[in-house]
Amino acid sequence: AEMTKFQDVSAFEKMSVSDIKKFFESQNQAFAKSLPPDEKARVSEKVYLLFEGIEGIDRKTIWPKLIGNKLRITPELYFSLQTMSLVNFPKSVERVIVEDLKRNLRSVYEDYTKQEVSKGGKPCKIEEMPLLKNIKEILMCFQVYRGDIGYVQGMSHLCMTLHKIFKNNIETFKNFCKIIKTHNN
C-alpha cells in the first residue's frame, strides 16, 4: 500500500485535529495492509507512526497541533514563572534536578565538549552547557507552575526530547505541561 507523502507542509498545518486523526487512521490501515500476515497479528495498526513517520512532516509541526494548548500557557506566563523560580527556589529541588540532568546528559555533554574543542573553543563544565541550563530552567518553571506535582526523576528525559524538537524553552514548556497534565489525571 502506498503511504501518503506531504510535499506541502503548510497544507498539513491547516488541517483540523479531527482531519489529522482521520489521516493517521488511513495511514495506519495502509501500514497494516503492507505487513506480512504473521506480522499483522502481533503488531498494532497504531504503530505505523512509530516506525514510519510521515514524510514531509516533522514532529515540530504536528505535536503542538495534536497536544494543543488548553492550559493557555503564554510567553508572559513562562517569563513570570521563570522570574518566580529565581526567587526562593528550594535548593534541595534544584540539586535533584541538576544531578538528574548531569546523569542523563553525560554522553550529550561529552559530544558537546568534543565539538566545542574541535571548533577551537574551550571545554566547559557540564553545569555551563546551554542544553542543561535550558532544561533546568524549564523544569524549575514547572516546579513553580505545578508544585503539587513537582519534579520527579526522569522528567528531564521527556523535557530533553521535547527541547530537541522545539529548540525553544516556551514551546517545550507548553507541550511538557500538557503531556504531564494528561498523564496526571
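What comes next concerns the included structure. (Residues numbered from 1 in each chain as written. Predicted model: local features only at pLDDT ≥ 70, side-chain atom pairs only at ≥ 80, totals over all residues. Heavy atoms only, no water.)

Brief notes about unusual backbone geometry
Its identity as a non-glycine residue notwithstanding, Arg 72 has a phi of 55°, on the positive side. Position of Arg 72 among the secondary structure elements: in the loop between α5 (59–67) and α6 (75–86). Looking at Arg 72, the relative accessible area reads 68%, which means it is exposed. Not every positive phi belongs to a glycine, and Lys 167 is a case in point at roughly 50°. Tracing the backbone shows Lys 167 in the loop between α9 (155–166) and α10 (169–184). Overall, Lys 167 belongs to the exposed group, its relative accessible area being 63%. (Helix = DSSP H or I, 4+ residues; strand = E, 2+ residues; numbered from the N terminus. Buried < 20%, exposed > 50% of the residue type's maximum accessible area, 1.4 Å probe, protein only.)

So, the side chain of Gln 143
Structurally, the position occupied by Gln 143 is in helix α8 (residues 130–145). Apart from residues no more than four positions distant in its own chain, Gln 143 is found in contact with Phe 89, Val 93, Gly 150 and Tyr 151. (Contact = heavy atoms within 4.5 Å.)

Details of the packing of helix α7 (residues 91–118) against α9
For any two helices packed against each other, the geometry comes down to the angle between their axes and how far apart the axes lie. Packing of α7 against α9 leaves a shortest axis separation of 9 Å and a crossing angle of 60°. Relative to α9, the element α7 is oriented oblique. Viewed along their axes, α7 and α9 form a crossing whose handedness is right-handed. Contacts from Asp 100, Leu 101, Asn 104 and Leu 105 in α7 reach Ser 156, His 157 and Met 160 in α9. In the contact of α7 with α9, the residues fall into three nonpolar, three polar and one charged. (Axes fitted to C-alpha atoms, helices over the stretch in contact; angles between N-to-C directions. Parallel < 35°, antiparallel > 145°, perpendicular 65-115°, else oblique. Left-handed = near helix turned anticlockwise from the far one by under 90°. Nonpolar A, V, L, I, M, F, W, Y, C, P; charged D, E, K, R; others polar.)

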